[in-house]
Every structure is written in structure tokens, then in C-alpha cells.
Amino acid sequence: MKSAPSPLKAKRASGIFIELEGGETLIDCISSWWVNVNGHCRQEIAQAIYQQSLELDHVLFAGFTHQPAQDLASGLIERLPQGIDKIFFSDNGSTAIEVAIKMALQFWRNIGDERKNLFLTFEGGYHGDTVGAMSVGGSSAFWNPYRQLMFETIIAPFPSTFEGDAEIDRKEEIALCKIKSLIDNHAGSIAAAIIEPLVQGAAGMKMCRPQFLLKLSNLVASANILTIYDEVMTGFGRTGEWFAASKAGTHPDIICLSKGIAGGFLPLAVTGCSNTVYEAFLSDDRRNTLYHGHSFTANPISCAAGVASLKLLRDASSAFRQMETWHRKWLYHELGSSKKVENIRFCGTISAFEVVSDSPSEYFNKMAPVLYHKFIQSGLLIRPLGNTIYIMPPYCISEEQLAGVYRRIGKVLRELD
Ligand SMILES: Cc1ncc(COP(=O)(O)O)c(C=O)c1O
């Protein structure tokens, strides 16, 4: 509170733009913390919310269901990678993770295996701010004050890469070897592995290759361990495909979705799972129930926004599929020759790079607030993660607008010291 600049007062938003009270306009280059996939204030979603509010605002989701939840669940199942058959609703990314953790642990209990208590997690992984989510994202420096509350996990290396990385084959081999030995050392006691597939967001847009994910999937499945994909950020087109799992040709047992699910209008989340996981909870014994429900679980208005957003996404699929080409073209055009830029990387609608720094590349790098301020002055909403700059715009951005974003970034970087 002491060191943060005063918050900017937003007045309205439209498409890729956010207008401030004083009349200045910012381009939302990070989709307002990665939630706004279709662009701000889309009429179609606003209308769906209005109509739904007149019909059914809310009803508890215990012993009840409703059309928007059913429509959203079936729309999701249609798009999700094969093997995700059931949908469990909640209301934000962190709770989708809590549900996944509980689901995985109880799955083994319900089928009579009491030994599986551990989670395999990844260095740099971030899964949200609640206690279970903090635990499976345990390597983050954010959590130091809360360590006493958190459970231990087994932390595996994440082989992140960038364009022209000559070491990547070796890094992946070392990571897989280490993961295999971690699994062997904890024989039979790992319930699930949890990963942000293809892109670790908060860690600094660290990207791994689809082939690593595929090998990891096979390794984990052969050791009788469940796979949880945290697609809270990567879902709904972010990686250039509907889901990172589909892009990598992998089939997680459990998947967590939120952020873009309701088009950035309202909070909503789901945890999807396979029939195999679901069936472990089908029982005459009520103690086998997955006891987890929030007051606003599957809120009808949020679900209606989700259904409308899914429709928009169907039309936007060529936009999210082609955005990587635009990123590559314009990032190299404007920044390719800059000595201040390193580790350039792309994954679908996301581009990232580091600004060369004499301090370690991490969240607390002192460049972040300086860059943030300069970008705002240039009309760009970009929140650097330390010295990592990333662009993750709504899919309605045009090529010309994206080119303009990189032009402005280039200008800011040239003006640095
Ligand atoms: C990969 C990932 N998982 C989970 C979360 C937590 O989501 P929420 O902020 O909605 O609780 C985030 C949020 O940034 C995230 O990036």
C-alpha cells in the first residue's frame, strides 16, 4: 500500500480499450488479468446477462439444476479434450484447483487406496491464492508468510524454453529423468501431478514444448498417477487451440477452467473430470460424496454469460489460431534487433520476453514498476512480471492494433536509461 501508485479509475471499456475517468484510453494488452478473451463489453454477453437476470437470478446448486448450467456443461464437453466427461462448477480459478485437489485425493480413498497422499507439482507453478492452491504452487515467493498452513508437495523441474533454445532437448531429458526418479522414490504414494500445461503464467510466462507435456503424460499415467491440468489461464483459445491439452494431444484426468469461461464478465469456474474419476464417487455410501459447494456455484447469470462467450469464441477461433503469426511478425519487426530483449517466446495468443537486467529475472525485479508506469504513459496496459514483458490481448485485436502495441513497446524500451 505504501509503495503502490494510486489506482487508475476506469470508467468504461470496449473491445481492446479501457477508458479512464480523465478521458485517457489504454489498450488492454493483458486482457485484464487474462480473463477477457472476446473483448470488453461485448453486446452478446451483456444481453445474455440481462435476459437471464430477468428470468432466474440464482438458485442453490444442491438438489437443483437449470438450463444455463446444462447448456454450458454440454458446450464445454463438446470442446474439451476427449476423456473429460463431467463438469463440477465453482466460482473462481483457485476454487477450481481446490476441487481438483480434493477430487484427486478422494478418488483414491473411494477406490480403497489410502497410500496416495502426495502431489507432484512444478517449479514456478502458480495455481491460485487459497491454501490448497498455494500448497501446490509452493515454490512461489509470494507464500513465505503462510508456509505453516501449506502442505508439502514433491516439486519437479519445468523445462521452460524460448526461440532458438539449443539446450531444450537436454533440459527436457533431465527434467523427465528427475521426475521419473521422484516418482520411483515415492512409489505408490503420489495421488496426482498438477501442471499449468504449455505456459506457466504468474511464473513469468514460462513456456514448455507440447512434446514435453506428452512425454510427461505418458510417464505419469504409467505410474498410476492422475494428471490435473490447470487450464485456468491457458483455456479458451489462449495457446492458439481451444485448450492446451488438445494442442499437445494429451488427455488429463482432471482439468480446471476459469478466467475466460464467462468472457471476462463474471466469476465462474469448473473442474472437469473423466468418467473413471466420476465413477469413483458413484456410491451408495454418502461418505463417498465430494463435499464441496459454494453459495454461488453455477450461478445462472454467470453460466448464461459463459454460454454467450462460448458462442463468440466459436466465431473467434480463426483469430486465436492466427494470432501467433501476428505476434511473431510484429515482435521481431519492432524488437528483434533490440539488445535489451532476450528469450523471445510465443504460444498462440501469448508472447513474452525478458528485458535484459543486471538483477535476477524474477517477480521482484525492480524494473517491473518502472516499466508498468512507462507503458501506462504510452497508453498500454501491460503488467510486467518482474523484467518479463508479455502480451496477451483479447482476440478481437486487429493486426494493425497489435503492430501498434509492439511499436509503442519498442519506443518505451529505446527510452530506457
Ligand atoms: C494458472 C492459474 N491457476 C489458478 C489461478 C487462480 O485463479 P483465480 O484468480 O480466479 O482464483 C490463476 C490466476 O491467475 C492462474 O493463472
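Residues numbered from 1 in each chain as written. Predicted model: local features only at pLDDT ≥ 70, side-chain atom pairs only at ≥ 80, totals over all residues. Heavy atoms only, no water.

Participant: For this particular structure, what's the right way to read the environment of N92?
Facilitator: Along the chain, N92 falls in the loop between β4 (86-90) and α4 (93-110). Linking N92 and G128, residues 36 residues apart in sequence, is a C-alpha distance of 9.2 Å. Apart from the residues lying within four places of it in its own chain, the contact partners of N92 are S258, L268 and A269. (Helix = DSSP H or I, 4+ residues; strand = E, 2+ residues; numbered from the N terminus. Contact = heavy atoms within 4.5 Å.)

Participant: Please explain the pairing of strand β5 (residues 118-122) as it appears in this structure.
Facilitator: Two faces, one strand: in a regular strand the side chains alternate between the faces of the sheet. Most of β5 sits inside the fold, with four of its five residues counted as buried. Looking at chain direction, β5 and strand β7 (residues 190-195) are connected through three bridges and run parallel. Opposite F119, over in β7, you have A192 as the bridge partner. As paired strands, β5 and strand β6 (residues 154-156) are joined by three bridges and run parallel to one another. The partner of L120 across the bridge, within β6, is I154. The handedness of the β5 to β6 crossover, carried by helix α5 (residues 131-136), is right-handed. (Buried < 20%, exposed > 50% of the residue type's maximum accessible area, 1.4 Å probe, protein only. Pairing = 2+ DSSP bridges. Right-handed = clockwise from strand over helix to strand, strands pointing away.)

Participant: When you look at the pattern of salt bridges in this model, what are you seeing that I'm missing?
Facilitator: Side chains that differ in charge, positive against negative, can pair when their charged atoms come close. In the structure shown here, the tally under the stated rule is 20 salt bridges. In this structure, the salt-bridge partner of D113 is R115, at a minimum N-O distance of 3.1 Å. Residue D113 is classed as buried on the basis of its relative accessible area of 14%. Judged by relative accessible area, which is 52%, R115 ranks as exposed. For the salt bridge of E172 with R209, the shortest nitrogen-to-oxygen distance reads 2.8 Å. One end of the pair, E172, is in helix α6 (residues 168-185); the other, R209, is in the loop between β9 (206-207) and α7 (210-222), with 37 residues separating them in the sequence. (Salt bridge = Lys/Arg side-chain N within 4 Å of Asp/Glu carboxyl O.)

Participant: Sorry, what's going on with the sheet that holds β6 here?
Facilitator: The strands making up a sheet associate through backbone hydrogen bonding, with each pair oriented either parallel or antiparallel. If you trace the seven strands from one edge of the open sheet to the other, you get β4-β12-β11-β10-β7-β5-β6, paired in mixed fashion. At either end of the open sheet lies a strand with only one pairing partner, and these are β4 and β6. For this sheet, the mean inter-axis angle between neighbouring strands, taken without regard to orientation, is 20 degrees. Strands in contact with helix α3 (residues 67-79) are β4, β11 (254-257) and β12 (269-273); relative to β4, the strand with the most contacts, it is inclined by about 130 degrees. (Axes fitted to C-alpha atoms, helices over the stretch in contact; angles between N-to-C directions.)

Participant: What should I look at first to understand the pairing of strand β3 (residues 25-28) in this one?
Facilitator: Across three bridges, strand β2 (residues 17-20) lies against β3 in antiparallel orientation. Along β3, the bridge assignment pairs I18 with L26. Hairpin connection between β2 and β3: a loop of four residues separates the two successive antiparallel strands, and G23 in this loop has a positive phi of roughly 100 degrees. By the bridge criterion, two bridges tie β3 to strand β15 (residues 380-381) in an arrangement that is parallel. Its bridge partner being in β15, D28 is matched across the sheet by L381.

Participant: Explain the state of the cysteines here, please?
Facilitator: Evaluation of the coordinates by the stated rule reveals zero disulfides. Just so you know, C347 is unpaired, no disulfide at all, and the nearest cysteine sulfur is the one on C208, 8.4 Å from it. Overall, C347 belongs to the buried group, its relative accessible area being 7%. No disulfide involves C396; its sulfur sits 11 Å from that of C41, the nearest cysteine. (Disulfide = S-S within 2.5 Å.)

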